[in-house]
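Remarks on the overall topology
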Amino acid sequence: MYIIVLREVTQSMESKKRSIVIALMVAMFLAAVEGTVVTTAIPTIVKELNGFELISWVFSAYLLTSAISTPIYGKLSDLYGRKNILTIGIIIYLLGSCLCGLSQSMYQLISFRAIQGIGAGAIFTLTYTIVGDIFTAGERPKVQGWLSTVWGIASLAGPFLGGFLIDNLSWNWIFFINLPFGIISIVLIQKNLIETFDRKKHKIDYIGTVLFSLAIITFLLGSLTGGKGNIVIAMLVTIAILFLFYHVEKKAQEPIIPFDIFTKTSNIVNAISFLASGILIGIDVYMPLYIQNILGFGATISGVSMAPMSVAWLLSSIALTKAIPKYGEKIVIGISTSILLISCIFISTLSIKSPLVLVIVYGFIMGFGFGGAFTTLTIVVQESVGFNKRGAATATNSLVRTLGQTIAVSIFGAILNTNIVKYFNNLGVKGIEPNNLYSQQSMSSGVSMQQIKLSLTSGLHEVFIAFIIIALASLALSFLFNSKLKKDLCK
């Protein structure tokens, strides 16, 4: 299937651009397939390593370091070119993947996922930045559609691959499988992407980089550790650091985040991206948990059930982005967020006895919302700035998405864990915590598998309600757009 897609690409584009698109699609496939495999395998991993309570940290550590590195990669790519910076990011990503595969505990896995995240910060940001560099605004919807195809392919291949590795080898191999894809992507990018830019001496904004990193780390760790006291202290410290960061950046010759990229349009884009990304990570983390731990299906079936969402993502990214020149970004993003809201309402109705087909149908509907929203938002934010700020603008948007995912997965994890404990407390059963839910201690306390499923269902229902609230906020923000891009693309 992947070969067929590449063949279609080769027939529709000139040779030079065609080679670059193929290289970017392979690079995107590296991270896309890893995501589908890990989310499918995570229920198995946390059971084996006895870390159910730490499930959100497996994703949070990855997202935390990805968030910190994203704007740094964006700025470095503006200074030194996209090709070499992207290659460095992929190498770091592969190193983290190998270490994850060697993990013997949840804490090791979380630590190595952080290394993997440092590399991941480069992949999505610079891939989309390169598209913005070499394709016109009119061509980009088509190219974004081809890149979205990779997600559909990865979603189909990833679950089968992950299920096969878990059933026949072990979960560790889901990380080792990244190596061949990473090597292929590096070779293709180095061979096909030819850059021309002025190689002049640049002044790196070291102080700004350190201050920004400290602000992100402080804020996210405060959010992830929980507790009102921790959150308040983290917020105050973060505000103080950002105040210093603002003054440093105003005086920096080449700031890591130029403040002139924050236009009205980009601010709306970033706000919607932040919210929608929270829903996306929630679906990625908790829907496999629902399918496997509540409905009782295996890892392979769980992954395959999620694949239609990515297929719909592909279809909508092509269809709705083609509608931009005719209807404008306000209409396209409004329709996309409306579809997202409807799908969230449907998902909130899932129960312990819901048939699997409903999960597939609801996910398919949600894919239409995600595809139209994220693809269009990326195009809009790139068009809101000039060429020399495009890397920083795209990276900042990627940062906002990562922050949305990191904060959301922490909040969702707290909601789930709190409701699991609340369920057993209402039954008069004490001492049952999320991290010992499947332990021998729980079973010896007289807790049945049915009760465990019901506790998970109650927690997930509250998480799904949170999806609806976030989707409503995204839809409201979409009304603030104008249709400037419609006029630009029609010229």
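The structure presented is a predicted model; accordingly, all values stated were derived computationally and were not measured. (Residues numbered from 1 in each chain as written. Predicted model: local features only at pLDDT ≥ 70, side-chain atom pairs only at ≥ 80, totals over all residues. Heavy atoms only, no water.)

The helix and strand tally for the protein chain stands at 19 helices and zero strands. Out of the 491 residues belonging to the protein chain, those deemed buried represent 58%. Excluding contacts between residues fewer than 6 apart, the proportion of contacts in the protein chain whose partners are at least 24 apart in sequence is 83%. Summed over all atoms, the accessible surface of the protein chain reaches about 19600 Å², with 67% contributed by carbon and sulfur. (Helix = DSSP H or I, 4+ residues; strand = E, 2+ residues; numbered from the N terminus. Buried < 20%, exposed > 50% of the residue type's maximum accessible area, 1.4 Å probe, protein only. Contact = heavy atoms within 4.5 Å. Areas by Shrake-Rupley, 256 points an atom, 1.4 Å probe, with all protein chains shown as cover.)

To continue, consider a nonpolar patch on the surface. Residues I231, M235 and I239 make up a contiguous nonpolar surface patch of about 250 Å² in total accessible area. Note on placement: I231 falls in helix α10 (residues 228–251). Among the residues examined, I231 registers a relative accessible area of 36% and is labelled partly exposed. (Patch = residues over 30% accessible without salt bridge, like charges linked within 9 Å, V, L, I, M, F, W, Y side chains within 5 Å. Salt bridge = Lys/Arg side-chain N within 4 Å of Asp/Glu carboxyl O.)

Quick look at the environment of I261 now. Relative to the elements of secondary structure, I261 occurs in the loop between α10 and α11 (264–294). I261 sits in the buried class, given a relative accessible area of 3%. As a C-alpha pair, I261 and A393 span 132 residues in sequence and 6.1 Å in three-dimensional space.

On to the nonpolar core. Ranked by internal contacts, the top residues of the largest apolar core, which has 90 residues, are I279, I283, M287, Y290, M366 and F370. Top contributing element to this core by residue count: α11, with 13 residues. Setting aside chain neighbours within four positions, we find I279 in contact with L340, C344, M366, F370, F467, I470 and A471. With 14 residues, the next largest nonpolar core counts A67, F212, I216 and I257 among its residues. (Core = buried A, V, L, I, M, F, W, Y, C linked by side-chain atoms within 4.5 Å.)

Quick look at the environment of I166 now. Along the chain, I166 turns up in helix α6 (residues 140–168). In this structure, the C-alpha to C-alpha distance between I166 and T300, residues 134 residues apart in sequence, is 9.1 Å.

This brings us to the packing of α11 against helix α15 (residues 356–383). Packing of α11 against α15 brings their axes to within 10 Å, and their N-to-C directions diverge by 155°. Considering the angle they form, α11 stands roughly antiparallel to α15. Pair α11 / α15 crosses with left-handed handedness. Taken together, the residues of the contact of α11 with α15 sort by class into 17 nonpolar, four polar and no charged. (Axes fitted to C-alpha atoms, helices over the stretch in contact; angles between N-to-C directions. Parallel < 35°, antiparallel > 145°, perpendicular 65-115°, else oblique. Left-handed = near helix turned anticlockwise from the far one by under 90°. Nonpolar A, V, L, I, M, F, W, Y, C, P; charged D, E, K, R; others polar.)

Another aspect to go through is the confidence of the model for the protein chain. Taken over all residues, the pLDDT of the protein chain has a mean of 75, while the share at 70 or more is 73%. Taken element by element, the protein chain is modelled with least confidence in helix α1 (residues 2–12), mean pLDDT 44, and with most confidence in helix α14 (residues 329–347), mean pLDDT 88. Under a pLDDT of 50 for its full length, residues 1–13 has, in the predicted model, 27 contacts with residues more than four places off or in other chains. (pLDDT = per-residue confidence, 0-100.)

Let's shift gears to the side chain of S474. Among the structural elements, S474 can be located in helix α18 (residues 449–478). Apart from the residues within four sequence positions on either side, S474 is in contact with I272, L275, A276 and T337.

With that settled, the discussion passes to the packing of aromatic side chains. By the definition in use, this model includes five aromatic pairs. Both rings, one in F364 and one in F368, keep their centres 5.2 Å apart while their planes meet at 85°; by these two values the pair is edge-to-face. Taken together, the residues span about one helical turn, with F364 and F368 both in helix α15 at a distance of four residues. Judged by relative accessible area, F364 falls into the partly exposed class, the value being 31%. Between F370 and F374, the aromatic rings sit 5.8 Å apart at their centres with planes inclined by 10°, giving stacked as the arrangement. (Phe/Tyr/Trp six-rings, centres within 6.5 Å; stacked < 30°, edge-to-face > 60°.)

Turning our attention to the environment of T65. Residue placement: T65 occurs in helix α3 (residues 55–80). The class for T65 is buried, based on a relative accessible area of 14%. For the pair T65 and G119, spaced 54 residues apart in sequence, the C-alpha separation works out to 8.6 Å. Look past the residues within four positions of T65 in its chain and what remains in contact with it is R113, A114, G117 and I118.

Attention shifts here to α14. End to end, α14 covers 27 Å across 19 residues, agreeing with the expected 27 Å (1.5 Å per residue, within 8%). Considered for burial, the residues of α14 that qualify are E329, V332, I333, G334, S336, T337, L340, L341, S343, C344 and I347. (Expected span 1.5 Å × (residues − 1).)

Quick look at α11 now. For α11, spanning 31 residues, the distance from its first C-alpha to its last is 44 Å, which sits close to the expected 45 Å at 1.5 Å a residue. Within α11, 25 of the 31 residues are buried, which leaves the element mostly enclosed by the surrounding structure.

The next subject is the packing of α14 against α18. Two elements in contact, α14 and α18, have axes separated by 9 Å at closest approach and are oriented at 165°. As the angle between them shows, α14 and α18 are arranged roughly antiparallel. As for the relative orientation of α14 and α18, their crossing is left-handed in sense. In contact with K330, I333, G334, T337, S338, L340, L341, C344, I345 and I347 of α14, α18 contributes F464, F467, I468, A471, L472, S474, L475 and S478. When its residues are assigned to classes, the contact of α14 with α18 shows 12 nonpolar, five polar and one charged.

This brings us to the state of the cysteines. For the structure on display, the rule yields zero disulfides. Considering cysteine sulfurs only, C98 is the nearest to C100, which forms no disulfide, with 9.3 Å between them. What makes C100 buried here is its relative accessible area of 0%. (Disulfide = S-S within 2.5 Å.)

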